[in-house]
Amino acid sequence: MAAEHDRGGGRKIIVKSAEQISIMQEANQIVAQTLSMLEKTIDVGVTTWDLDQLAERNCLHHKAKPAFKGYRGFPGSLCVSVNEEVVHGIPSRKKKLKNGDIVSIDFGVLYRGYYGDSAITVPVGTVGDRVARLLAVTKESLERGIAQAREGNRVGDISQAVQNYVEAEGFAIVRQFVGHGIGTSLHEAPEIPNFYQGETTQRLLPGMVLAIEPMVNMGTHKVKVLRDGWTVITDDLLPSAHYEHSVAVTEGEPLVLSLRSG
Ligand code: MG
Ligand code: MG
């Protein structure tokens, strides 16, 4: 789940111990395994409600709690956002996936007191070339952001790596929603915007855990929230993609806690 930009300024950053990061890795591996299961299930005719129920059952099976259900009143366990929906789509029995759709699935769990959070965008059947490119660029932009999650860098190095790549590819970065720190709360400081914020952003320290989550639009970067209070859609109704990993900053290489096998 993404954080609303400029809602949480000034909160204290909570650095995690190696033991805490190890629990967060377990939490995020439940998320990763659930996303892999959902990816295999996504097909023409499947409803977004089916995906929500599968995610919830798998999570409970692993003795974890779905993190989004009831978060500020969100009604589902899974955020499922189709085509022009950017993030925070509400699962629905009425919403059947069609050939050529793209579906962003964003899942979070609470496990042994810590949160995990990760997202992927999956094509349904055969998608057009430009849509396939949108997915590939969004995924690669996340990798470029993660590569900057190093001791001594700043949050802005992550933001710029994502933005520069996405815009060079002719797509647009969502500004109204951003990544976030994560730990015993789903959304902690600092914010991780996917766009340039000026010189003096937070310095990255070992033990910080960051949910990095580029939301990339094919057309305008502008988005709006539907009257359900949750679903974020693109202003021009062109498609949007979303990938997210929870990443620990270490003294060496970034540790992707929600890394999926295969
Ligand atoms: Mg998320
Ligand atoms: Mg998130």
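From a predicted model like this one, the values you see are computed outputs, not experimental measurements.

**A closer look at the sheet that holds strand β14 (residues 240–242)**
Two strands in a sheet stick together by hydrogen bonds in their backbones, pointing the same way (parallel) or opposite ways (antiparallel).
Logical step 1: With respect to topology, three strands assemble into an open sheet ordered β7-β11-β14, the strand pairing being antiparallel. In the strand order of this sheet, the two ends are held by β7 (172–173) and β14, each with one partner.
Logical step 2: One ladder, built from three bridges, connects strand β11 (residues 215–217) with β14; its direction is antiparallel. Across the sheet, the residue bridging to Asn217 is Ser240, located in β14.
Logical step 3: Along the sheet face, helix α3 (residues 129–147) touches β11 and β14 and points at about 35° away from the line of β14.

**Here's the deal with the side chain of Thr201**
Logical step 1: As for its placement among the helices and strands, Thr201 is situated in the loop between β9 (188–192) and β10 (209–212).
Logical step 2: The exposure class assigned to Thr201 is buried, which follows from its relative accessible area of 13%.
Logical step 3: Engagement of the side chain of Thr201 in a polar contact is seen with the backbone nitrogen of Gly156, the distance being 2.9 Å.
Logical step 4: Apart from residues lying up to four places away in sequence, Thr201 is in contact with Arg154, Val155 and Gly156.

**Regarding the coordination of the magnesium ion (ligand 1)**
Logical step 1: Summarising the metal site, the magnesium ion (ligand 1) is bound by the protein donors Met1 (N), Asp106 (OD), Asp106 (OD), Asp117 (OD) and Glu244 (OE), whose distances to it range over 1.9 to 2.7 Å.
Logical step 2: Motif for the magnesium ion (ligand 1), donor spacing along one chain: M-x104-D-x10-D-x126-E.
Logical step 3: The metal-metal distance between the magnesium ion (ligand 1) and the magnesium ion (ligand 2) comes to 3.2 Å, with Met1 coordinating both. With Met1 in the segment before β1 (3–4) and Asp106 in strand β5 (residues 102–111), this residue pair connects regions lying 105 residues apart in the sequence. For the pair Met1 and Asp106, a shared accessibility class is recorded, and that class is buried.

**Details of the sheet that holds strand β12 (residues 223–225)**
Logical step 1: Within the open sheet, the three strands sit side by side as β4-β13-β12. Their pairing is antiparallel. Edge strands, defined here as strands with exactly one partner in the open sheet, are β4 (85–87) and β12. Taking each pair of neighbouring strands and ignoring which way they run, the sheet shows an average axis angle of 40°.
Logical step 2: With two bridges joining them, β4 and strand β13 (residues 232–234) adopt antiparallel strand pairing. In the strand pairing of β13, Glu85 is matched with Ile233.

**Focus: the packing of α3 against helix α4 (residues 155–168)**
Logical step 1: Here α3 crosses α4 at 155°, and the two axes come no closer than 8 Å. The angle between α3 and α4 places the two elements in the roughly antiparallel class. Here α3 and α4 pass one another in a crossing that is right-handed. Here Arg133, Val137, Glu140, Ser141, Arg144 and Gly145 of α3 come into contact with α4, specifically with Ile158, Ala161, Val162, Tyr165 and Val166.
Logical step 2: Taken together, the residues of the contact of α3 with α4 sort by class into six nonpolar, two polar and three charged.

Conventions we followed
Residues numbered from 1 in each chain as written. Chains lettered and ligands numbered in written order. Predicted model: local features only at pLDDT ≥ 70, side-chain atom pairs only at ≥ 80, totals over all residues. Heavy atoms only, no water. Pairing = 2+ DSSP bridges. Helix = DSSP H or I, 4+ residues; strand = E, 2+ residues; numbered from the N terminus. Contact = heavy atoms within 4.5 Å. Axes fitted to C-alpha atoms, helices over the stretch in contact; angles between N-to-C directions. Buried < 20%, exposed > 50% of the residue type's maximum accessible area, 1.4 Å probe, protein only. Polar contact = N/O pair within 3.5 Å; in protein donor to acceptor, adjacent residues only side chain to side chain. Donors = N, O, S within 2.8 Å, 3.2 Å for Na, K, Ca; no water. Parallel < 35°, antiparallel > 145°, perpendicular 65-115°, else oblique. Left-handed = near helix turned anticlockwise from the far one by under 90°. Nonpolar A, V, L, I, M, F, W, Y, C, P; charged D, E, K, R; others polar.

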